[in-house]
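Here's the letter readout for the chains.
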Amino acid sequence: QVQLVESGGGLVRPGGSLRLSCAASGFTFSLYAMSWHRQAPGKERELVATITMFGEITNYLDSAKGRFTISRDNAGNTVYLQMYSLKPDDTAVYYCSAHRRVGVNGPKYDYWGQGTQVTVSS
């Protein structure tokens with residue numbers, strides 16, 4: 001049974017930090033690129049960061065560059081999102097996903113987690 005389980009969300013003050021984790025099981029983790037997405041209330045889901053199978057390439061949403069870092073531990077089947085200098089606009093439910101293929105319209109996400117809430121507020 002495939003599972004992606006996010007953790008590490010919570011309430012943090014502006015300027016604070018959080019590290020999100022996504023534990024994967026039920027599939028060969030090292031064969032998949034992994035991504036973090038977020039969805040704020042009333043907004044569409046947006047891609048925050050992606051990391052390739054062995055971590056050699058990472059990509060970020062412009063607003064996340066310099067503040068967020070995606071990393072992965074293939075031995076532990078876990079992907080992380082370290083977030084610094086958090087802003088109220090970062091408030092959202094954060095989801096991780098796994099994909100192997102990229103189509104003409106972008107990645108074809110195979111698996112999704114259930115999400116973890118991040119709230120940035122004073």
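Let me begin by describing the structure that accompanies this report. No experiment lies behind these values; they were computed from the predicted model shown.

### Considering the state of the cysteines
Next up, step 1: On inspection of all chains with the given rule, the structure shows one disulfide.
Next up, step 2: Two residues share a disulfide in this structure: Cys-22 and Cys-96, whose sulfurs sit 1.9 Å from each other. Between Cys-22 and Cys-96 the disulfide shows an S-S torsion of about 50°. By sign, it is right-handed. Placement of the pair is Cys-22 in strand 3 (residues 18–25) and Cys-96 in strand 9 (residues 92–103), with a sequence separation of 74 residues.
Next up, step 3: Relative accessible area serves as the criterion here: at 0%, Cys-22 is assigned to the buried category.

### Quick notes on the side chain of Arg-38
Next up, step 1: Examined against the element boundaries, Arg-38 turns out to sit in strand 4 (residues 33–39).
Next up, step 2: Classification of Arg-38 as buried rests on a relative accessible area of 6%.
Next up, step 3: A polar side-chain atom of Arg-38 sits 2.7 Å from a polar atom in the side chain of Glu-46.
Next up, step 4: Side-chain polar atoms of Arg-38 contact the side chain of Tyr-94, separated by 3.0 Å.

### Topic: the sheet that holds strand 7 (residues 68–73)
Next up, step 1: If you trace the four strands from one edge of the open sheet to the other, you get 1-3-8-7, paired in antiparallel fashion. Looking at which strands have only one partner, the edges of the open sheet turn out to be strand 1 (3–7) and strand 7. Between one strand axis and the next, the sheet turns through 15° on average, direction left out of account.
Next up, step 2: For strand 1 and strand 3, the ladder comprises five bridges, and the chain directions are antiparallel. Its bridge partner being in strand 3, Glu-6 is matched across the sheet by Cys-22.

### Examining the nonpolar core
Buried together is how nonpolar side chains tend to be arranged in soluble globular proteins.
Next up, step 1: Counting 28 residues, the largest nonpolar core has Trp-36, Val-79, Leu-81, Met-83 and Tyr-94 as the members making the most contacts within it.
Next up, step 2: Mapped by element, the contributors of at least two residues to this core are strand 3, strand 4, strand 5 (46–51), strand 7, strand 8 (78–83), strand 9 and strand 11 (116–120).
Next up, step 3: Setting aside residues no more than four positions away along its own chain, Leu-81 makes contact with Leu-18, Arg-19, Leu-20, Trp-36, Val-48, Ala-49, Phe-68, Thr-69, Ile-70 and Tyr-94.

### Remarks on a nonpolar patch on the surface
Next up, step 1: Residues Leu-31, Met-53 and Phe-54 make up a contiguous nonpolar surface patch of about 280 Å² in total accessible area.
Next up, step 2: Tracing the sequence through the fold places Leu-31 in the loop between strand 3 and strand 4.
Next up, step 3: On the accessibility criterion, Leu-31 (35% relative accessible area) is partly exposed.

What counts, and at which threshold
Along each chain, the written sequence defines residue order, and numbers are assigned to residues from 1. Only residues with pLDDT of at least 70 get local features here, since the model is predicted, and only at 80 or more are side-chain atom pairs given and counted; chain-wide, interface and lining totals rely on the full set of residues. Excluded from the side-chain calculation are hydrogens and water; included are all heavy atoms of the structure. Two cysteine sulfur atoms make up a disulfide if the distance between them is within 2.5 Å. A run of DSSP states H or I qualifies as a helix once it reaches four residues; a run of E qualifies as a strand once it reaches two. Both are numbered from the N-terminal end. Working definition: with a 1.4 Å probe on protein chains only, accessible area under 20% of the residue-type maximum means buried, over 50% means exposed, and in between means partly exposed. The definition of a polar contact used here is a pair of N or O atoms within 3.5 Å, where within protein one atom must be able to donate a hydrogen and the other to accept one, and adjacent residues in sequence count solely through side-chain atom pairs. Note: two strands are recorded as paired if DSSP finds a minimum of 2 bridges between them. Fitting a line to C-alpha atoms yields each axis, with helices limited to the stretch in contact; the angle taken between N-to-C directions then spans 0 to 180 degrees. Put simply, buried Ala, Val, Leu, Ile, Met, Phe, Trp, Tyr and Cys residues joined by side-chain atoms within 4.5 Å make one nonpolar core. Every residue pair with non-hydrogen atoms within 4.5 Å of one another is taken to be in contact. Two distance rules govern patches: like charges are joined within 9 Å, and nonpolar side chains (Val, Leu, Ile, Met, Phe, Trp, Tyr) within 5 Å, applied only to residues with over 30% relative accessible area and no salt bridge. Residue exposure ignores everything except the shown protein chains as possible cover, and the areas themselves are Shrake-Rupley values with a 1.4 Å probe. Any Lys or Arg side-chain nitrogen located within 4 Å of an Asp or Glu carboxyl oxygen qualifies as a salt bridge.

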